[in-house]
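Notes for the structure review
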Amino acid sequence: MKTQWKRTLIRPLKLRSLRKYYYFVVLLLIALICFIAFTIQTHDIAEVHTNFNKLNIITKKRNDIKRQDLHPVDDGNAKLKESLKASSIEFEKYKVLLDKKKSTNLNYNVHVFYYPWYGNPLHDGKYKHWNHEYIKHWDKDVAKKWPNRTHAPPHDIGASFYPALGAYSSRDPTIIDLHMKQLLYAGIGVIVVTWYPSEVAASNEDWLIGLFNIANSYDIKVTFHLEPYEGRSITTVRKDLVYIKRKYGSHPAFYTRTFRKRKLPVFYVYDSYLIGEAHWSQLLKPHKMSSIRGSGLDAFFVGLVVGEFDVAKISRSGFDAFYSYFASDGFTFGSSMNNWKLLKYRAAEKNMYFIPSVGPGYDDEQVRPWNSANTRRRTRGTYYRNHFEAALEINPIIITITSFNEWHEGTQIEMAVPKKNVNFEYRNYLPNDPQFYLDLTATFVQKFKPPERNNHLNITG
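1. Some remarks on the packing of aromatic side chains
- Within this structure, the stated rule accounts for 35 aromatic pairs.
- Consider the rings of Phe224 and Tyr248, whose centres lie 5.4 Å apart with planes at 50 degrees: the pair is tilted. A residue pair is termed long-range when its members are at least 10 positions apart, and Phe224 in strand S4 (residues 221-226) and Tyr248 in helix H8 (residues 234-248) qualify at 24 residues. For the pair formed by Phe224 and Tyr248, the shared burial category is buried.
- Considering the side-chain rings of Tyr270 and Tyr325, the 5.4 Å spacing of their centres and the 70 degrees angle between planes classify their relative orientation as edge-to-face. Taken together, the residues Tyr270 in the loop between strand S6 (262-269) and helix H9 (277-284) and Tyr325 in the loop between strand S8 (321-323) and helix H11 (340-349) connect sequence positions 55 residues apart. Of the two residues, Tyr270 and Tyr325, both sit in the buried class.
- An aromatic cluster of three or more residues is present, and its members are Phe113, Tyr268, Tyr270, Tyr323, Tyr325, Phe326 and Phe331.
- The aromatic ring of Phe161 is capped on one face by Arg378, whose charged end is 4.6 Å from the ring centroid.

Pasting the structure below:
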């Protein structure tokens with residue numbers, strides 16, 4: 001039936017008598033289609049022209065707004081320059097105050113964690129870390145409740161507080177110098193600089209000698225916070241130690257202390273538990289095939305204590321001490337002030353040291369908005385006082401401070417100022433001055449006098 005239908009339809013077209021009408025109809029249809037197309041095109045051109053004019057107006061308005069955020073090639077980021085200039089003017093009155101305390105005695109048994117990862121377009125070609133993203137929660141349903149974007153410096157940064165020096169660059173020698181002034185003001189003798197191998201974070205290395213030089217001009221010492229990275233193993237750690245010793249080991253600002261009758265550098269190993277104790281022991285236990293003990297790579301190694309039973313693991317790994325790092329009381333067993341006496345006791349049992357980490361508070365809600373359970377308000381300095389007093393009570397050999405400038409987690413003692421943008425008002429140190437936490441630190445640093453010598457480990461500052 002289907003074949004017969006086709007044949008019936010086609011047969012008339014084959015008749016010679018009707019061919020001329022067929023061609024005429026085809027030509028007529030083509031002419032009609034062309035006419036319709038021309039009419040539609042004329043209408044569309046008029047409409048597109050109208051829409052283009054509208055788009056032009058909208059684009060101009062958007063460009064006027066976006067132009068404020070561009071980084072002009074001729075004069076750098078105008079918006080950033082304006083912000084930094086305002087911060088500089090504000091900071092000048094405090095510089096005079098900082099200079100007045102140049103005679104402060106430095107305490108080399110107080111170490112502060114220092115973060116050199118901030119950047120801005122004027123010194124680094126782009127923003128680094130100030131434009132931190134909001135970190136997504138691992139639960140997709142929870143993640144939907146929170147912002148999903150990055151911050152837009154210089155007025156919107158990934159921090160709950162705003163630095164007195166603005167959205168600065170860690171590479172800027174002027175900034176480094178002002179940081180050293182603040183550390184000198186507080187009496188802190190050692191900065192623990194966060195460090196990755198050059199192949200992981202190449203930007204760390206090219207200016208770090210400059211930091212050493214400036215620190216040395218203030219008699220401040222420098223050591224390293226060895227950060228975890230993909231593929232870290234005892235083999236790569238050994239390579240890191242070789243590099244650090246070759247690059248910085250002879251610098252007068254490189255921090256060492258006497259340990260078992262030898263002058264040795266001190267290294268803090270963050271997330272040390274990511275390498276198993278059997279592997280660490282090959283590197284850190286004496287008489288092992290790959291041991292660095294007694295060699296030119298030997299050092300005073302400090303592992304991270306997190307859980308209640310970590311002390312035994314850290315001991316079996318061959319570490320000399322362990323630290324708590326986290327500034328949020330109760331976040332881990334190690335960071336809970338109530339456990340510090342026990343941790344010191346357990347360390348002594350294993351011929352090790354416990355090094356408590358104190359902090360002024362904790363607030364990472366501008367990068368982890370879902371993490372308010374771990375926020376610890378500063379309560380006008382009360383939290384910091386309690387932390388320091390708990391550390392002084394156990395009389396450790398070293399006290400570490402978390403941190404000088406970890407702005408993302410709100411643990412900084414660096415000077416901060418009140419500020420707000422369209423969407424957010426930053427926390428601040430009011431009713432106290434921007435240097436309030438430097439003042440508090442100086443008070444406790446002067447109080448801290450650790451034991452000069454420990455008989456069984458023969459360790460001195």
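Next comes the rest of the description.
2. Regarding the layout of surface pockets
- In this structure, the largest pocket encloses a volume near 450 Å³.
- If you trace the largest pocket, you find 24 residues lining it, with Tyr270, Phe326, Arg368, Glu406 and Glu409 closest to the centre.
- Residue composition of the lining of the largest pocket, by class: 11 nonpolar, 7 polar and 6 charged.

3. Quick notes on empty space enclosed by the protein
- By the definition in use, this model includes 2 cavities of 30 Å³ or more.
- Around the largest cavity sit Trp195, Leu226, Glu227, Tyr229, Arg232, Val237, Asp240, Val269 and Trp280, which together line it.
- Partitioning the lining of the largest cavity into residue classes produces 6 nonpolar, no polar and 3 charged.
- In this model, the second largest cavity occupies a volume close to 30 Å³.
- If you trace the second largest cavity, you find it lined by Ala416, Val417, Pro418, Asn428, Tyr429, Leu430, Asn432, Asp433 and Pro434.

4. Some remarks on unusual backbone geometry
- Residue Ser403 follows Thr402 across a cis peptide bond; omega there is 10 degrees.
- Mapped onto the secondary structure, Ser403 falls in the loop between strand S11 (399-401) and strand S12 (416-417).
- Cis geometry marks the peptide bond from Leu430 to Pro431; its omega dihedral reads 10 degrees.
- Within the secondary structure layout, Pro431 lies in the loop between S12 and helix H13 (436-447).
- Even without glycine at this site, Arg260 takes up a positive phi of about 50 degrees.
- Under the relative-accessibility criterion, Arg260 is labelled partly exposed at 46%.
- Located in the positive-phi region is His287, a residue other than glycine, with phi close to 70 degrees.
- Among the secondary structure elements, His287 is positioned in the loop between H9 and strand S7 (300-304).

5. Considerations on the packing of H9 against helix H10 (residues 310-317)
- In the contact formed by H9 and H10, the axes pass within 7 Å of each other and the chain directions differ by 40 degrees. Regarding the angle of H9 to H10, the classification is oblique. Here Glu277, Trp280, Ser281 and Leu284 of H9 lie close against H10, whose contacting residues are Lys313, Arg316 and Ser317.
- Counted by class, the contact of H9 with H10 contains 2 nonpolar, 2 polar and 3 charged residues.

6. Quick word on the pairing of S6
- Where burial is concerned, most of S6 is hidden: 6 out of the 8 residues are buried.
- As judged from the 3 bridges shared by S4 and S6, these two strands associate in the parallel manner. By the bridge assignment for S6, Phe224 is matched with Phe267.

7. Brief notes about the pattern of salt bridges
- Across all of its chains, the model carries 15 salt bridges by this definition.
- A salt bridge links Arg260 to Asp320, with the nearest nitrogen and oxygen atoms 3.9 Å apart. Separated by 60 residues along the polypeptide, Arg260 in the loop between strand S5 (256-259) and S6 and Asp320 in the loop between H10 and S8 bring together distant segments of the chain.
- A salt bridge links Arg293 to Asp320, with the nearest nitrogen and oxygen atoms 3.1 Å apart.

8. Some thoughts on the side chain of Asn371
- Checked against the element boundaries, Asn371 lands in the loop between strand S10 (357-358) and helix H12 (382-393).
- Looking at Asn371, the relative accessible area reads 11%, which means it is buried.
- A distance of 3.0 Å separates polar atoms of two side chains, one belonging to Asn371 and the other to Asp364.

9. Observations regarding the pairing of S4
- Most of S4 is tucked away: 5 of the 6 residues are buried.
- Pairing of strand S3 (residues 188-195) with S4 involves 6 bridges; the strand directions are parallel. If you follow Val192 over to S4, its bridge partner there is Thr223.

10. Quick notes on the environment of Asp177
- Along the chain, the position of Asp177 falls in helix H6 (residues 173-186).
- Separated by 40 residues in sequence, Asp177 and Ser217 have C-alpha atoms that sit 9.3 Å apart.
- Excluding residues that lie within four positions of it along the chain, Asp177 makes contacts with Ile214 and Tyr218.

What counts and what doesn't
Residues numbered from 1 in each chain as written. Predicted model: local features only at pLDDT ≥ 70, side-chain atom pairs only at ≥ 80, totals over all residues. Heavy atoms only, no water. Phe/Tyr/Trp six-rings, centres within 6.5 Å; stacked < 30°, edge-to-face > 60°. Helix = DSSP H or I, 4+ residues; strand = E, 2+ residues; numbered from the N terminus. Buried < 20%, exposed > 50% of the residue type's maximum accessible area, 1.4 Å probe, protein only. Lys NZ or Arg CZ within 6 Å of the ring centre and 35° of its normal. 1 Å grid on protein atoms, 1.4 Å probe; cavity = no way out; pocket = protein on both sides within 12 Å on 5 of 7 lines; lining within 4 Å. Points joined across faces, edges and corners; volume = space filled by probe spheres on them. Nonpolar A, V, L, I, M, F, W, Y, C, P; charged D, E, K, R; others polar. Axes fitted to C-alpha atoms, helices over the stretch in contact; angles between N-to-C directions. Parallel < 35°, antiparallel > 145°, perpendicular 65-115°, else oblique. Contact = heavy atoms within 4.5 Å. Pairing = 2+ DSSP bridges. Salt bridge = Lys/Arg side-chain N within 4 Å of Asp/Glu carboxyl O. Polar contact = N/O pair within 3.5 Å; in protein donor to acceptor, adjacent residues only side chain to side chain.

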